[in-house]
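# Report on the structure
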2 protein chains.
Amino acid sequence: MKVAVVKESAPGERRVALVPEMIARLRGAGLEVLVESGAGDRAWLADSAYAEAGATVVSRAELLADADLIVMVGKPDRQLAGALRPGQAILGLLSPLADPGLAAALAAQGVTAISLDGLPRTLTRTQGMDALSSQANVAGYKAALLGAATFGRFFPMLTTAAGTARPAKVLILGTGVAGLQAIGTARRLGAVVSAYDVRPQTKTEVESLGGTFIELASVRDAAGEGGYARALTDDERQAQQAELAGHIARHDVVITTAQVPGRKPPLLVTEDALKEMSAGAVVVDMGSSPLGGNVAGSVPGETIVTGNGVTVIGAGNLAATVPAASSAFLARNITTLLLYMVKDGALAIDPADEIQAGVVITHDGAVIQPATAALLATTQPGDDAPGGATP
Amino acid sequence: MKVAVVKESAPGERRVALVPEMIARLRGAGLEVLVESGAGDRAWLADSAYAEAGATVVSRAELLADADLIVMVGKPDRQLAGALRPGQAILGLLSPLADPGLAAALAAQGVTAISLDGLPRTLTRTQGMDALSSQANVAGYKAALLGAATFGRFFPMLTTAAGTARPAKVLILGTGVAGLQAIGTARRLGAVVSAYDVRPQTKTEVESLGGTFIELASVRDAAGEGGYARALTDDERQAQQAELAGHIARHDVVITTAQVPGRKPPLLVTEDALKEMSAGAVVVDMGSSPLGGNVAGSVPGETIVTGNGVTVIGAGNLAATVPAASSAFLARNITTLLLYMVKDGALAIDPADEIQAGVVITHDGAVIQPATAALLATTQPGDDAPGGATP
């Protein structure tokens, strides 16, 4: 089987799906590795490094002709998706719940689509395959650095001949993988860190990193399925926002990391909360997306300054801005998953397998992943019968 | 005496010479404080904060008419310098050795010029007045953050389910105040840090911060006057550059901090050294200036990427990018110096005083600071006699 690494085309995407260190492991499992010329350039990985590791560097045309499985970081663009042929497979972060149309199109083309973001994340044996976690880890680190580099004062307490600088007060909202890494990084830099999450069981993790866990009276526990928080009711959300605002106003730097898969990110920092912050405060919105973010008015990829002097960074794809680290992790996630799915040198698709049931989105001409199939069933073109749900 | 804070006009300058916290101290010494409207805006200090602290917020015209002493961060622009009147005084980082013409012009106008960069820096009692140190401290912190935010991997070692990231190897060249703060900050972030300086007596300071001191065979000791390094001979410089290149090539991030007052910064990272670095390496040149920098090809305020994938950041005025911290320090330096120079509510100029001999550049219509006067004597307009030196 030929596994081929494609050069990403998304704006700002600097990651690559495989790094040279992983190639020996794939070849050891009987796989041949092709790499599109320039695929690693933006992560500072030269074609020559892949070639030395045993891969064959090819053009896009050669890749499309020869690959059995194309591996990538994100989703194929229209041109790449359209060029795939029946029987080929593609693996990446395909976001089928956000873009079910892509899954439907790939199924219609007879392409097998494998998406890393479908992985069941609470099993011990999938931890090494968990690309959402590994990329969130990198993003959380970068968010803390961005906050520090943007803030107009020091993070650490410093005592100098010219006076003492007090440490920055940093608040992390959401203590998943990204939030915990942001806490750790801000603490490394010497900031005083507080954190909040709707899942109170993360308190001990926050404290073990040197942070203070904030408990709200309004929302006591909203742990949901798969390690995620459940969506709050409107009343809960409003009470939470109002109670959080008081904490937000007392902090210098706020980093928000709350995402609920396939849904609009929850609003945690309202316009009123922003107005109560001090001039010079910085907010990094890791939930920022075209659907909205965790912070009122944040725009993905842009930095805005409010009328009262609060800088709001709509952090887009932060993992892509630390491309060597994020690509190394991602490559290991992909390699671990591939080695799990490959038998006798070929992909052995088995929808009955607990892991494959999550990651294999399309196969044999059909969308087979239950969640994506269910979503598509509610949005079939022509499904305009009375009562037909449209999300 | 009326002390007036002017709004800076230099591009990118976000600092302000006094912060509200210092105003009570100045008023306690019998001084009245005026603040130009908007002077603190870019450091997130509103006019209202100055007013609440006891200052009077004024227009530029009012300031020019009423001020006895104008305090500022940098140098006055042509317009401001031209508007000063006889008997007025101005205090800032005036760089008289780099811009002796400004000193000559201010003397001709009958303006008393006080420059913080003329301070004798090795006296214990001047440490609280040392603006070059306090600003270098802020700049060194920011340089390490910039290096970390630009580098494509982690600074700390991280062990995760997706593999272990090794710590970044960071090299600091020059271990003055900026270099030591860069070492401390990179260490806080978990990097493995090495450092080099031509003054071997800084070794213990480097080691106390957790860094490794690199000793070169080529240059054993080049400590000079006033705590600075002396200029190396051409042979010493070449041997040093060649020996450093081997160390530079083994590091991921290099931060250079070598400046010699009033002279072109020494070249530490040559074009050959850059060529031996790995793709993805980052170099932050804090010596970058219009006269050249510590790194071949660096451009102040610009980031360039070499053909072999090394990112070279020509760090301009880094202290100005952390404006609240740098302004707070600078304000304390200025206040301490002013309280030292003010007797009975007025400036008491005394060129015989050890500190004033360094900082008072012009007074009573003449350039009186010895170093600036000596420099001007060699560059008098019309001094075209044979043998006349032009630096």
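Report follows, based on the coordinates. (Residues numbered from 1 in each chain as written. Chains lettered and ligands numbered in written order. Predicted model: local features only at pLDDT ≥ 70, side-chain atom pairs only at ≥ 80, totals over all residues. Heavy atoms only, no water.)

### Quick notes on the overall build of chain A
Operational definition: Put simply, DSSP H or I for four residues or longer makes a helix, DSSP E for two residues or longer makes a strand, and each gets a number counted from the N terminus. Here the radius of gyration uses the C-alpha set of atoms, whereas the globule reference equals 2.2 Å times the residue count to the power 0.38. Buried means the residue's accessible area, taken with a 1.4 Å probe over protein chains only, is under 20% of the maximum for its type, while exposed means over 50%, and partly exposed covers the values in between. Using a 1.4 Å probe, the Shrake-Rupley method yields the accessible areas, and only the shown protein chains count as cover for residues. By the counting scheme adopted, Arg and Lys are positive, Glu and Asp are negative, and His together with the chain ends is not counted. By convention, the charge on Lys lies at NZ, on Arg at CZ, on Asp at CG and on Glu at CD.
In terms of helices and strands, chain A carries 13 helices and 19 strands. Over its C-alpha trace chain A gives a radius of gyration of 22 Å, about what one expects of a compact globule, namely 21 Å for 391 residues. Summarising its shape, the C-alpha atoms of chain A cover approximately 65 × 60 × 35 Å along the three principal directions. Evaluated residue by residue, chain A yields a buried proportion of 53% over its 391 residues. For chain A, the accessible surface area stands at approximately 15,400 Å², while carbon and sulfur atoms represent 53% of it. Separation of charge centres in chain A, based on 30 positive and 38 negative side chains, amounts to 7 Å.

### So, the sheet that holds strand 3 (residues 56–58) of chain A
Residue and element names in this part refer to chain A. Basically, it comes down to this: Paired strands, in this sense, are two strands between which DSSP finds at least two bridges.
Strands sit in the order 3-2-1-4-5-6-18-19 across an open sheet of eight strands; the sheet is mixed. Edge positions in the open sheet fall to strand 3 and strand 19 (366–367), since each of these has one partner strand only. When strand 2 (residues 32–36) meets strand 3, the two strands line up parallel, connected through three bridges. Bridging across to strand 3, Leu34 finds its partner in Thr56.

### Comments concerning the packing of aromatic side chains
Stated precisely, the cut-off is as follows: Paired rings are identified among Phe, Tyr and Trp, the last through its six-membered ring, by centres lying within 6.5 Å, and are further divided according to the angle between planes into stacked (under 30 degrees), edge-to-face (over 60) and tilted (the rest). Definition used: whenever NZ (Lys) or CZ (Arg) falls within 6 Å of the ring centre and also within 35 degrees of the ring normal, the charge is taken to sit over that ring.
A full pass over the atoms with the stated rule returns six aromatic pairs over all chains. The rings of Tyr141(A), Phe329(A) and Phe154(B) are connected pair by pair, giving a single aromatic cluster. Positioned over the ring face of Tyr340(A) is Lys343(A), at 5.7 Å from the centre of the ring.

### Details of the nonpolar core
Rules: By nonpolar core is meant a set of buried Ala, Val, Leu, Ile, Met, Phe, Trp, Tyr and Cys residues that side-chain atoms within 4.5 Å join together. When checking whether two residues touch, look at their non-hydrogen atoms; a contact exists if any pair is within 4.5 Å.
In terms of nonpolar packing, the biggest core is built from 78 residues, with Phe155(A), Val170(A), Ile255(A), Phe155(B), Val170(B) and Ile255(B) touching the most fellow members. Those residues within four positions of Val170(A) in sequence are excluded, and the remaining contacts are Phe155(A), Ala186(A), Ala191(A), Val192(A), Val193(A), Ser194(A), His251(A) and Val253(A).

### Some points on the interface of chain B and chain A
Here is the rule: In this description, buried area is defined as the sum, over both parts, of the accessible area (probe of 1.4 Å) that is lost when the two are combined. Salt bridge, as used here: a side-chain nitrogen of Lys or Arg that lies within 4 Å of a carboxyl oxygen of Asp or Glu. Polar contact is defined as a pair of N or O atoms within 3.5 Å, subject to the rule that within protein one atom must be able to donate a hydrogen and the other to accept it, and that residues adjacent in sequence are counted only when both atoms are side-chain atoms. When residues are grouped by polarity, Ala, Val, Leu, Ile, Met, Phe, Trp, Tyr, Cys and Pro land in nonpolar, Asp, Glu, Lys and Arg in charged, and all others, Gly among them, in polar.
At the junction of the two partners, chain B supplies 41 residues and chain A supplies 41 residues. At the boundary of chain B with chain A, total buried surface from both sides reaches about 3,300 Å², with 69% on carbon and sulfur atoms. Summed over the shared surface of chain B and chain A, the number is zero salt bridges. Counting across the interface, chain B meets chain A through ten residue pairs in polar contact (both at pLDDT 80 or more). Within the residue set of the side of chain B that touches chain A, elements represented by two or more residues are helix 6 (131–150), strand 7 (158–160), strand 8 (163–165), helix 7 (177–188) and helix 11 (323–341) of chain B. A class-by-class count of the residues in the side of chain B that touches chain A yields 23 nonpolar, 14 polar and four charged.

### What about a negative patch on the surface?
Residue and element names in this part refer to chain A. To keep things clear, this is the line we draw: The patches reported here contain residues having more than 30% relative accessible area and no salt bridge. Joining distances are 9 Å for like charges and 5 Å for nonpolar side chains (Val, Leu, Ile, Met, Phe, Trp, Tyr).
Together, Glu32, Glu62, Asp66 and Asp68 line one region of the surface with negative charge. By secondary structure assignment, the location of Asp66 is in helix 3 (residues 60–66). Under the relative-accessibility criterion, Asp66 is labelled partly exposed at 36%.

### Structural notes on the sheet that holds strand 12 (residues 253–256) of chain B
Residues and elements named next belong to chain B. Taken in spatial order, the seven strands of this open sheet run 11-10-9-12-13-15-14, and their pairing is mixed. The two strands at the open ends of the sheet, each matched to only one other strand, are strand 11 (212–213) and strand 14 (303–305). Judged from the four bridges that link them, strand 9 (residues 169–173) and strand 12 form a sheet pairing that is parallel. In the sheet register, Val170 faces strand 12, and the bridge partner there is Val253.

### Regarding empty space enclosed by the protein
Residues and elements named next belong to chain B. Selection rule: Cavity means a closed set of points on a 1 Å grid over the protein atoms alone, one where a 1.4 Å probe fits but cannot get out, pocket means an open set with protein on both sides within 12 Å along at least 5 of 7 lines, and lining means a residue has an atom within 4 Å of a point. Grid points are joined across faces, edges and corners, and a volume is the space filled by probe spheres set on the points.
A complete count under the given rule lists five cavities of 30 Å³ or more for this structure. Size it by volume and the largest cavity reaches roughly 50 Å³. In this structure, the largest cavity is lined by Lys7, Glu8, Glu13, Arg14, Arg15, Gly38, Ala39 and Arg42. Each residue belonging to the lining of the largest cavity can be placed in one class, and the counts come to one nonpolar, one polar and six charged.

### As for the pattern of salt bridges
Residues and elements named next belong to chain A. On inspection of all chains with the given rule, the structure shows 21 salt bridges over all chains. Put simply, Arg199 and Asp197 hold a salt bridge, and the shortest N to O gap is 2.8 Å. Each member of the pair Arg199 and Asp197 is classed as buried. Here the residues in one salt-bridge network are Arg153, Arg166 and Asp252, joined through shared partners.

### Thoughts on the environment of Thr306(B)
Residues and elements named next belong to chain B. Among the secondary structure elements, Thr306 is positioned in the loop between strand 14 and strand 15 (311–314). For Thr306, a relative accessible area of 18% translates into the label buried. Residues Thr306 and Lys275 lie 31 residues apart in sequence; the distance between their C-alpha atoms is 8.2 Å. Residues contacting Thr306, with those up to four places away along its chain left out, are Leu274 and Val312.

### Some points on the environment of Glu207(A)
In this fold, Glu207(A) is placed in helix 8 (residues 203–208). A relative accessible area of 41% means that Glu207(A) is categorised as partly exposed.

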